[in-house]
Amino acid sequence: MSSIDLVDTSKPAHPVAPVQLRNVVRQFGEQRVIDGLDLDIAPGEFVALLGASGSGKTTLLRSLAGLDSIDSGQLRVPKARAAVFQEPRLMPWKRAWKNVILGLHIPNAKGRAVQALTEVGLAHRLEAYPATLSGGEAQRVALARGLVREPKLLLLDEPFAALDALTRIRMHRLIIDLWRKHTPAVLLVTHDVDEAILLADRVIVLANGKIAEQLTIDLPRARDSGQEGFQAIRTRLLKLLGVEAVEPAAQVVEPARPLPDNSTRRFAHG
Ligand SMILES: Nc1ncnc2c1ncn2[C@@H]1O[C@H](COP(=O)(O)OP(=O)(O)O)[C@@H](O)[C@H]1O
Ligand SMILES: [Mg+2]
């Protein structure tokens, strides 16, 4: 037996977590991809979901987005939710601003699209067709399309994976700025351990259809990989994922030997 419950979290003082999964099962034929999964996400919490390829991350996200059903268990999600995927999924024949409000029936739709595109730094690309946008710009349009729905839950499925390294860094900053401003709960699927630590309040690891491990990341923001404590978390998460961290080449430090009195240190050259 399964139930999907849509919660109107716009009502004030909503007492429970906007995302609540209990014993959720999703299977394809004999394959149980999600196998009795429990998960709560608090209002405004940023959660990163890690897991091996094929572990069911996208399956879980699609169920949360309402794009797929579950076979049993309970799944409670806010009505106001939006998803961004690895590909921007824009309609090629619609201009950027029209893509942002596609399927939405809201007053002043163009004004809202312009506002959302401005927030993602694309005020100058309102009239552009998707084919004329760079990969990063197209993903920002997809993000604006999510934002304009004022989501209480923002679902992100490897949205930065196809972007070059510099664009990805810019997108990380943008996503944190938008999250702080709009305060949705976020579930970010990523295979990038560093990205998870840089962005999330909590990192969960999916294995065998369940949450195998989770780690609260309480490093102060803005974060960077050189920050104290970052590497220790990284090593731990890589171990949980079954990957040994590559240590930086050991620094060879000569022990300082006491020198006999009246002796001179000799330095060999060449
Ligand atoms: N619609 C579907 N029909 C059959 N099998 C599916 C379907 N969707 C996903 N799967 C299978 O479920 C498993 C998990 O897939 P997925 O959720 O995409 O993994 P991940 O996103 O973690 O890489 C894979 O073995 C995949 O082949
Ligand atoms: Mg996936």
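Residues numbered from 1 in each chain as written. Chains lettered and ligands numbered in written order. Predicted model: local features only at pLDDT ≥ 70, side-chain atom pairs only at ≥ 80, totals over all residues.

The protein chain is annotated in an unreviewed UniProt entry as ATP-binding cassette domain-containing protein of Pseudomonas karstica. Turning to the protein chain, the UniProt record has this under Sequence similarities (unreviewed entry): "Belongs to the ABC transporter superfamily." (UniProt positions renumbered as here; feature names shortened; annotations may be inferred.)

Novice: How would you sum up the site of ligand 1? Please name residues and give values.
Specialist: All residues adjacent to ligand 1 are Phe 28, Val 33, Gly 51, Ser 53, Gly 54, Ser 55, Gly 56, Lys 57, Thr 58 and Thr 59. Here the element with the most residues in the shell around ligand 1 is helix α1 (residues 57–65); it accounts for three residues. (Near = placed C-beta within 6 Å. Helix = DSSP H or I, 4+ residues; strand = E, 2+ residues; numbered from the N terminus.)

Novice: So what's going on with the pairing of strand β6 (residues 81–84)? Residues and values would help.
Specialist: Side chains of β6 alternate between two faces, with Arg 81 and Ala 83 and Ala 82 and Val 84 buried alike. As paired elements, β6 and strand β7 (residues 153–157) share four bridges and run parallel to each other. Note that in β7 the partner of Ala 83 across the bridge is Leu 155. (Buried ≥ 20, exposed ≤ 12 C-beta atoms within 10 Å, placed from the backbone. Pairing = 2+ DSSP bridges.)

Novice: Quick rundown of the sheet that holds strand β9 (residues 202–207)? Include the residues and the values.
Specialist: Two pairing modes exist for strands in a sheet, parallel and antiparallel, and in both the strands are linked by backbone hydrogen bonds. With mixed pairing, the six strands of this open sheet are ordered in space as β6-β7-β8-β4-β9-β10. Only two strands of the sheet have a single partner each, and these edge strands are β6 and β10 (210–216). Averaged over all neighbouring strand pairs, the angle between strand axes comes to 20 degrees, with direction disregarded. (Axes fitted to C-alpha atoms, helices over the stretch in contact; angles between N-to-C directions.)

Novice: Let's hear about helix α5 (residues 165–182): which residues, and what values?
Specialist: Between its first and last C-alpha, α5 extends 26 Å over 18 residues, near the 26 Å set by a 1.5 Å rise per residue. Trailing α5 by a residue or two, Thr 183 shows a phi angle of about 50 degrees, which is positive. (Expected span 1.5 Å × (residues − 1).)

Novice: For unusual backbone geometry, give the residues involved together with the corresponding values.
Specialist: Backbone torsion omega between Arg 221 and Ala 222 reads 0 degrees, so that peptide bond is classified as cis. Mapping Ala 222 onto the fold places it in the loop between β10 and α7 (230–240). With a phi close to 50 degrees, Asn 23 is a non-glycine residue in the positive phi region. Tracing the sequence through the fold places Asn 23 in strand β2 (residues 19–28). Of the residues examined, Asn 23 has 15 C-beta atoms within 10 Å and is grouped as partly exposed. With phi around 55 degrees, Asn 208 is a residue other than glycine that occupies positive phi space. On the secondary structure map, Asn 208 appears in the loop between β9 and β10.

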